[in-house]
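# Descriptive analysis of the structure
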Number of protein chains: 2
Amino acid sequence: MGEFELIERFFLRPARRAALGGGDDCALLAVAPGMQLAISCDMLVEGRHFLSTVDPQWLGHKALAVNLSDLAACGAQPLAFSLALAMPRAEAAWLEPFARGLLALADAHDCELIGGDTTQGPLNICITVFGEVPAGGALLRSGARVGDDLYVSGTVGDARLALEVFRGGLSVPQEVFAQARARMEQPAPRVALGIALRGVASAAIDVSDGLLGDLRHILKQSGVGACIQTEVAVTLMATPLEVPGLELSTAQRLDYVLAGGDDYELLFTAPHEGRAAVQAAAAQSATAVTRIGSIESGSSVRLLDRQGQQMPNSYGSFDHFA
Amino acid sequence: MGEFELIERFFLRPARRAALGGGDDCALLAVAPGMQLAISCDMLVEGRHFLSTVDPQWLGHKALAVNLSDLAACGAQPLAFSLALAMPRAEAAWLEPFARGLLALADAHDCELIGGDTTQGPLNICITVFGEVPAGGALLRSGARVGDDLYVSGTVGDARLALEVFRGGLSVPQEVFAQARARMEQPAPRVALGIALRGVASAAIDVSDGLLGDLRHILKQSGVGACIQTEVAVTLMATPLEVPGLELSTAQRLDYVLAGGDDYELLFTAPHEGRAAVQAAAAQSATAVTRIGSIESGSSVRLLDRQGQQMPNSYGSFDHFA
């Protein structure tokens, strides 16, 4: 089966929202009056962003999920996406489940595939996603102010636990691994929460490289510092504290939460007086949020223990070329 | 130097047209009232789309050029682009000329880099480009009608000649190679022509996979056939017919023109009565166009010789997985 037939078979569907979908030189997209287009682009490479063992269905899911997570962090409503795909071989046995996982998540967010490119080469998945947000209403990294509360959505750190098990550095009970693996392979982008936080959050980012690493982007672009209550942070993992056969120290948990990565939760700030509005946004989007600290002056992150004493912070930020 | 520093050093510039450029979760782009966004995406892989010997400056140029060429084929005005880049190593000696070539072409078309992604991995360049076109005014592949003239812009086939020299299958005089190599490595996207052809051309596509292969997309989507005057087509190469030391048969020339690929010229159709308008568009955009045939009923391509007799047509279309 040739390239064009493969694309048509697994990916091409009639254009819905787009004025023109795949199959021409360009896709055409209309943007509603008063709205801006939010655009994000993520490239996934085997060994860096996913393991060769991953089910193609979940790889398709995750490739779009990490992009939708960027829209969520801006408070944008997903509209459409384009897919560029390099593969060593064009195989239906891989493409069918990949497309199935990808398009299932796309449908769940009413986000239309409007074009792309396929070529032969080392496996590489590049998705560019398009959303819309009221002009001037996007959540930015630069809006955090001294005194704001610092929140994170959902649970954090479990994807890293799964990665450590895959790497052979950790052994955990089967049911713990299954749950953590699902968190790593099937992240749920917090799109509804992002939209609900428009006008409520002062700054937001999605947690992809690790909570502290991504927090630093907010701090740098807002010109502020932050403190984090570690006794709250340590409770953020979905993996329960007490499981027979699970040996996970508090220090390990804190490490996974603060520097684990691959969480795709929203890390955001909001003014102290907006606590009720944050809770309303969480309820409206059926997404748990936890207040883990606050924004302060300066430029650094202070980790506070149960007594409010500062702990050593030696976490580096993730760097793809480190 | 870390990932973020590299990106900032070579790629980050203050946002101009975009409401928000690189450095946040999403870029924000406004689309003017009455305009649609035209979106295209191309992924370039070493060995498939470029040789390892290419100067990074020209690779940067070409990676954007092939995307701008898609906008040109829709008659869209370039606005912005995002860049995703996988590299084995982040080296300033490669990134500096790559960014220089890329941004020089971007500036020439007032097309702003508004975000992207970088990661470690086998070299892969994925650009998504955004342009705008009046709603309903985009040039499509589906508009060719029986009786329309068939045109191609500029010169065609020389990139293939250069590729054959690189592959060792052809030996040509140095000055011929230099010119052909420039055509292969530094394509000039026909953006101005595409815009001038709005309302003039009935269908258009850019020639990337070979003239006949790309023509077939127009024919399929328009439900028509075509004939091509081979005695005109054979004159489309920039490489002169008579150069001392150059042995290139008419059959070879025709092969390079019809099935060479990598040309990034516009192949388009226009009604017979629109010939003056086509010439005006060519003059306005300072781009040569040549009438090479016409659209007829059916679904196949007939190659006609000097006497109007049909020649055998055994050209296949390019397939990345063939």
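This structure is a prediction, so every number in the text was calculated from the model and none was measured.

Attention now moves to the relation of the copies chain A and chain B. For the pair chain A and chain B, the relating rotation is 180 degrees, the translation along its axis is 0.0 Å, and the fit reaches an RMSD of 0.0 Å. Read as a symmetry element, the transformation amounts to a two-fold axis. A share of 100% of the interface residues of chain A reappears at the interface of chain B, consistent with the copies meeting face to face through the same patch.

Contact with chain A, which involves 53 residues of that partner, is made by 53 residues of chain B. Sorting the residues of the side of chain A that touches chain B by element identifies strand 1 (27–29), strand 2 (35–45), helix 2 (56–74), strand 3 (77–87), strand 4 (112–120), strand 5 (124–134) and strand 7 (203–206) of chain A as the ones contributing at least two each. Sort the elements by how many residues they give to the side of chain A that touches chain B and strand 2 of chain A lands first, with nine residues. Split by residue class, the side of chain A that touches chain B holds 30 nonpolar, 13 polar and ten charged. With three bridges connecting them, strand 2 of chain A and strand 1 (residues 27–29) of chain B associate as antiparallel partners. Looking across to strand 1 of chain B, one finds that A:Ala38 is bridged to B:Leu28.

The subject of this paragraph is the domain arrangement of chain A. Residues and elements named next belong to chain A. Entries for chain A in the domain assignment read domain 1 (3–134) and domain 2 (149–308). With centres defined by C-alpha atoms, the gap from domain 1 to domain 2 works out at 26 Å. By residue number, the principal contributor to the side of domain 1 that touches domain 2 is helix 2, which donates twelve residues. Considered class by class, the residues forming the side of domain 1 that touches domain 2 number eleven nonpolar, five polar and two charged.

All names here are of chain B. Covered by surrounding structure in strand 11 (residues 301–304) are Val301 and Leu303 only, the residues Arg302 and Leu304 on the alternate face being uncovered. Across four bridges, the pairing between strand 8 (residues 225–229) and strand 11 is parallel. Paired with alanine 226 across the bridge in strand 11 is valine 301. One ladder, built from two bridges, connects strand 11 with strand 12 (residues 310–311); its direction is antiparallel. Considered in strand 12, the bridge of leucine 304 is made with glutamine 310. Counted between consecutive antiparallel strands, the loop separating strand 11 from strand 12 contains five residues, among which glycine 308 sits at a positive phi close to 80 degrees.

What follows is about the packing of helix 7 (residues 211–222) of chain A against helix 9 (residues 250–259) of chain A. Residue and element names in this part refer to chain A. In the contact formed by helix 7 and helix 9, the axes pass within 5 Å of each other and the chain directions differ by 40 degrees. Accordingly, the angle class assigned to the pair helix 7 and helix 9 is oblique. Residue-level inspection shows Leu211, Leu212 and Gly213 of helix 7 in contact with helix 9, the latter providing Val257, Leu258 and Ala259.

Another point: the environment of B:Val165. Residues and elements named next belong to chain B. Note that valine 165 resides in helix 4 (residues 158–167). Sequence separation between valine 165 and alanine 144 is 21 residues; the distance between their C-alpha atoms is 36 Å. Once residues lying within four places of it in the same chain are set aside, the contact partners of valine 165 are Leu170, Val172 and Phe177.

The next point concerns the sheet that holds strand 5 of chain A. Spatially, 4(A)-3(A)-5(A)-2(A)-1(B) is the arrangement adopted by the five strands of the open sheet, whose pairing is mixed. Looking along the sheet, the strands with just one partner apiece sit at the ends: strand 4 of chain A together with strand 1 of chain B. Neighbour-to-neighbour, the strand axes of the sheet open up by a mean angle of 20 degrees, direction not taken into account. Taken together, the seven bridges between strand 3 of chain A and strand 4 of chain A define a ladder with parallel strand orientation. When the sheet's bridge partners are listed, A:Ala86 is paired in strand 4 of chain A with A:Thr119. Contacting strand 2, strand 3 and strand 5 of chain A, helix 2 of chain A crosses the sheet at an angle of about 25 degrees to strand 5 of chain A.

As a further point, take the packing of helix 2 of chain A against helix 3 (residues 92–108) of chain A. How two helices sit against one another is set out by the angle between their axes and by the gap between those axes. All names here are of chain A. Where helix 2 meets helix 3, the closest approach of the two axes is 6 Å, and the angle between their N-to-C directions is 40 degrees. Classified by the angle their axes make, helix 2 and helix 3 are oblique. Between helix 2 and helix 3 lies a crossing of right-handed hand. Along the contact surface, helix 2 presents Pro56, Gln57, Trp58, Leu59, Gly60, His61, Ala63, Leu64 and Ala65, while helix 3 presents Trp94, Pro97, Phe98, Ala99, Arg100, Gly101, Leu102, Leu105 and Ala106. Taken together, the residues that form the contact of helix 2 with helix 3 break down as 13 nonpolar, four polar and one charged.

Let us now look at the environment of B:Glu273. Residue and element names in this part refer to chain B. As for its position among the elements, glutamate 273 is in the loop between strand 9 (266–270) and helix 10 (275–284). Classification of glutamate 273 by C-beta neighbours within 10 Å gives exposed; the count is 9. As for glutamate 273 and aspartate 148, which are separated by 125 residues in sequence, their C-alpha atoms are 8.8 Å apart.

Cut-offs and rules
- Residues numbered from 1 in each chain as written.
- Chains lettered and ligands numbered in written order.
- Predicted model: local features only at pLDDT ≥ 70, side-chain atom pairs only at ≥ 80, totals over all residues.
- Least-squares fit on C-alpha atoms with pLDDT ≥ 70 in both.
- Contact = placed C-beta atoms within 7 Å.
- Helix = DSSP H or I, 4+ residues; strand = E, 2+ residues; numbered from the N terminus.
- Nonpolar A, V, L, I, M, F, W, Y, C, P; charged D, E, K, R; others polar.
- Pairing = 2+ DSSP bridges.
- Domains from an automatic or database assignment.
- Buried ≥ 20, exposed ≤ 12 C-beta atoms within 10 Å, placed from the backbone.
- Axes fitted to C-alpha atoms, helices over the stretch in contact; angles between N-to-C directions.
- Parallel < 35°, antiparallel > 145°, perpendicular 65-115°, else oblique.
- Left-handed = near helix turned anticlockwise from the far one by under 90°.

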